[in-house]
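Overview (structure and organization)
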Amino acid sequence: MNWDHPQPFILTLAPAAGDIDGLDHTNNAVYVQWCEKAGWAHSEALGLDLADYRRLDRAMAIRRAEYDYILPTTAGEALLLGTWLYATDGKLNMERRFQLLRASDGVTVMRGRWELICIDISSGRARRMPPEFCAHYLPAVVA
């Protein structure tokens with residue numbers, strides 16, 4: 001596969017009939033939901049889940065999101081969604097990237113990018129990443 005970056009965390013997906021919009025392709029909102037699912041699954045694979053976030057009263061919240069919809073996908077089409085932690089300052093900010101490939105030919109159909117900020121869950125204010133975040137996330141950053 002022609003991944004943008006090495007060693008993606010990958011989810012295998014296929015649009016269901018309910019994911020298809022009036023133009024007969026996957027609704028853009030479905031891609032956003034898939035990215036959220038991939039982000040959480042990757043975080044859990046790295047050792048941090050929602051229970052850890054609550055215990056630490058910290059979360060990586062999306063400050064900005066961008067999605068480039070390159071080609072349409074259709075119901076039942078086999079897709080691979082890769083994600084990476086791409087950059088971080090190790091304090092407040094982190095970037096996550098996404099790339100969605102059509103499994104049959106490896107063509108990229110969507111790319112996404114999140115700017116994340118560490119927040120205190122109880123107040124919503126920006127707060128420094130706790131040591132647990134740094135220990136689990138920083139080794140996974142690709143750039």
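In short, a report on the structure. This one's a predicted model, so the numbers in the text were calculated from it and none came from an experiment.

1. What to know about the overall build of the protein chain
Secondary structure assignment for the protein chain yields three helices and five strands. Reading the protein chain from its N terminus to its C terminus gives the helix and strand order β-α-α-β-β-β-β-α. For 143 residues, the compact-globule formula gives about 15 Å, and the C-alpha radius of gyration of the protein chain, at 16 Å, lands near that figure. Based on the C-alpha atoms only, the size of the protein chain along its principal axes is roughly 45 × 30 × 20 Å. The buried share among the 143 residues of the protein chain stands at 43%. Considering only intrachain contacts with a sequence separation of at least 6, the fraction spanning at least 24 residues in the protein chain is 70%. Summed over its atoms, the accessible surface of the protein chain is roughly 7400 Å², and 51% of this surface lies on carbon and sulfur atoms.

2. Here's the deal with unusual backbone geometry
Peptide bonds are trans in most cases, and residues, glycine excluded, mostly fall at negative phi. Residue Q7 is not a glycine yet carries a positive backbone phi of 50°. Structurally, Q7 is set in the segment before β1 (9–13). Of the residues examined, Q7 reaches a relative accessible area of 75% and is grouped as exposed. In this structure, D57 takes a positive phi of about 55° despite not being glycine. With respect to the helices and strands, the residue D57 is situated in the loop between α2 (50–56) and β2 (58–69).

3. Digging into the packing of aromatic side chains
Tallying each qualifying case throughout the model produces eight aromatic pairs. Judged by centre distance (5.2 Å) and plane angle (55°), the rings of W40 and Y53 are tilted. You can see W40 sitting in helix α1 (residues 28–46) and its partner Y53 sitting in helix α2, a full 13 residues away along the chain. In this structure W40 comes out as partly exposed when scored by relative accessible area, which is 29%. On the accessibility criterion, Y53 (5% relative accessible area) is buried. Centre to centre, the rings of Y53 and F133 are 5.0 Å apart; their planes meet at 35°, and the pair counts as tilted. Of the two residues, Y53 sits in helix α2 while F133 sits in helix α3 (residues 131–137), which places them 80 residues apart along the sequence. Looking at R97, its charged tip hangs above the ring of Y86, at a distance of 3.5 Å from the centre.

About the cut-offs
Residues numbered from 1 in each chain as written. Predicted model: local features only at pLDDT ≥ 70, side-chain atom pairs only at ≥ 80, totals over all residues. Heavy atoms only, no water. Helix = DSSP H or I, 4+ residues; strand = E, 2+ residues; numbered from the N terminus. Rg over C-alpha atoms; globule rule 2.2 N^0.38 Å. Buried < 20%, exposed > 50% of the residue type's maximum accessible area, 1.4 Å probe, protein only. Contact = heavy atoms within 4.5 Å. Areas by Shrake-Rupley, 256 points an atom, 1.4 Å probe, with all protein chains shown as cover. Phe/Tyr/Trp six-rings, centres within 6.5 Å; stacked < 30°, edge-to-face > 60°. Lys NZ or Arg CZ within 6 Å of the ring centre and 35° of its normal.

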